[in-house]
Amino acid sequence: MIEVDQLVKSYGAHKAVQNVSFRVEEGQIVGLLGPNGAGKSTTMNVITGYLTPDSGSVRIQGIDIQKNPEKAKRQIGYLPEIPPLYLDMTVQEYLKFVASLKKIPVKEQKKEIDRVTEALFIQEKKTRLIKNLSKGYRQRVGFASALLGNPPVLILDEPTVGLDPNQMIEIRQFIKELGKEHTVILSSHILSEVSAICDHIIIIDKGTVVAQDTPEGLSNAFSGKNQIHMLIDGEIEQVKDVLKRCPLFTSFEAKLSEDGLIDVIGKVGEQEEKEEVRKKLFFYMAKEQLPVYQLSYDNLSLEEVFLKVTREDETEVKEDKIDQEETGRQEEN
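Residues numbered from 1 in each chain as written. Predicted model: local features only at pLDDT ≥ 70, side-chain atom pairs only at ≥ 80, totals over all residues. Heavy atoms only, no water.

An account of the overall build of the chain is requested, with residue identities and associated values reported.
Helix and strand counts for the chain stand at 11 helices and 14 strands. Along the first, second and third principal axes, the C-alpha set of the chain runs to 80 × 60 × 35 Å. For the chain, the residues scored as buried account for 45% of the 333 residues in total. Pairs at least 24 residues apart make up 67% of the contacts formed inside the chain by residues separated by at least 6 positions. Of the roughly 18,200 Å² of accessible surface on the chain, a fraction of 48% belongs to carbon and sulfur atoms. When the 43 basic and 54 acidic side-chain charges of the chain are each reduced to a single mean position, those positions are 8 Å apart. (Helix = DSSP H or I, 4+ residues; strand = E, 2+ residues; numbered from the N terminus. Buried < 20%, exposed > 50% of the residue type's maximum accessible area, 1.4 Å probe, protein only. Contact = heavy atoms within 4.5 Å. Areas by Shrake-Rupley, 256 points an atom, 1.4 Å probe, with all protein chains shown as cover. Lys, Arg positive; Asp, Glu negative; His and termini not counted. Charge placed at Lys NZ, Arg CZ, Asp CG, Glu CD.)

Right, dumping it as structure tokens:
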């Protein structure tokens, strides 16, 4: 379990993280998202103990990382975006070195190294120098080092960087399996990857948490409430006339799409059950002899939610700046 409470971290006058709070339950895989410079990496570095916060606290498995850093860090396996590898070591030498740093007993090191190299499909690379490995295999070696000692908490920063599509699929599935026994925080710029792996999402922008929920919860929260999307075959005036008489819609917009179908976006009553609404609409349009090609609630993808919450902040900043400039001109006049 990870508990982050009112975290603040500044670099000089710049506040990189401002009052960030969230909780990751045991066995959860949480995606930490944010634009470049949003405070995402700073947050992860504070969680892992690489940085000390100005204020606030981080508890790993109930252990405060500032009050008892050594014990807290033993609970964490950390994979940075660029793993700190010693290129002139072989894979086995490097993993043995990391195992020693983690104070894994010498008698258990071979068994533990075999376990993590098998999990990451790098058994055959153990005697190779790291500098002779591809970027993808170097990433796997870094991942293997994070897993040594089987820590209950894993912090993964861009874990699929440098991997080819087949390797990406393997690692994604591997991370999902890890979630059965570990608590995982995953940072990635590949939003489809986050959607596929994570069961909870936290979005950080300008040093603050701007949204957090399950992928489905975020989609519902930022989509138009009770908004239906339909594609209907028919004449646009006929479709509009039928929809005006439909008791389910509170409002709608209809326009001709490029493929000749009528594209309809409408809002239905909040008290209506989603599945019941879709059934009623289907039979209502069928009765009017208007074939329905698509009928779904208009939910946003994770990418659309991400752009919406981060760009809204940009718009507000721009509007504030314009207002300030306008006020300044008026004062000068």
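An account of the sheet that holds strand β3 (residues 29–33) is needed here, citing residue identities and associated values.
The strand order across the open sheet formed by 6 strands is β6-β7-β8-β3-β9-β10, and the pairing between neighbours is mixed. Here the strands that pair on one side only, and so sit at the sheet edges, are β6 (76–79) and β10 (208–213). Neighbour-to-neighbour, the strand axes of this sheet turn through a mean angle of 15°, independent of strand direction. The pairing of strand β7 (residues 153–157) with strand β8 (residues 183–187) spans 5 bridges and is classified as parallel. When the sheet's bridge partners are listed, aspartate 157 is paired in β8 with serine 187. With respect to the sheet, helix α1 (residues 40–47) is in contact with β3, β6, β7, β8 and β9 (200–205), its orientation differing from that of β7 by roughly 150°. Across the sheet, helix α8 (residues 215–222) is in contact with β9 and β10; its angle to β10 comes to roughly 105°. (Pairing = 2+ DSSP bridges. Axes fitted to C-alpha atoms, helices over the stretch in contact; angles between N-to-C directions.)

With reference to specific residues and values, describe a nonpolar patch on the surface.
A cluster of nonpolar side chains, Tyr86, Phe97 and Leu101, forms an exposed patch at the surface whose accessible area comes to about 310 Å². Checked against the element boundaries, phenylalanine 97 lands in helix α3 (residues 91–101). (Patch = residues over 30% accessible without salt bridge, like charges linked within 9 Å, V, L, I, M, F, W, Y side chains within 5 Å. Salt bridge = Lys/Arg side-chain N within 4 Å of Asp/Glu carboxyl O.)

Describe the packing of aromatic side chains, naming the residues involved and giving the relevant values.
In this structure the tally under the stated criterion is 6 aromatic pairs. Taken together, a centroid distance of 6.4 Å and an interplanar angle of 50° make the contact between tyrosine 86 and tyrosine 94 tilted. Looking at tyrosine 86, the relative accessible area reads 47%, which means it is partly exposed. Residue tyrosine 94 is classed as buried on the basis of its relative accessible area, which comes to 4%. (Phe/Tyr/Trp six-rings, centres within 6.5 Å; stacked < 30°, edge-to-face > 60°.)

Run through helix α9 (residues 236–245), naming residues and quoting values.
For α9, the full list of buried residues reads Val239, Val242 and Leu243. Viewed end-on, α9 has its buried residues packed into an arc of 100°, placing them on one side of the element. Turned more than 90 degrees off the buried face of α9, the exposed positions are Glu237 and Lys244. Close packing links the buried residues of α9 with β11 (227–232), β12 (249–256), β13 (262–268) and α10 (274–287). (Arc of directions from axis to C-beta.)

Before we move on, can you summarise the pattern of salt bridges with the specific residues and values?
Under the criterion given, the structure shown has 15 salt bridges. Between arginine 74 and glutamate 70 there is a salt bridge, with the nearest N and O atoms lying 2.9 Å from each other. Classification of arginine 74 as exposed rests on a relative accessible area of 52%. On the basis of relative accessible area, glutamate 70 is assigned to the partly exposed category, the value being 45%. The closest approach of N and O atoms between glutamate 70 and lysine 103, which form a salt bridge, is 3.2 Å. Taken together, the positions of glutamate 70 in helix α2 (residues 69–73) and lysine 103 in the loop between α3 and α4 (106–119) put the pair 33 residues apart, joining distant regions of the chain.

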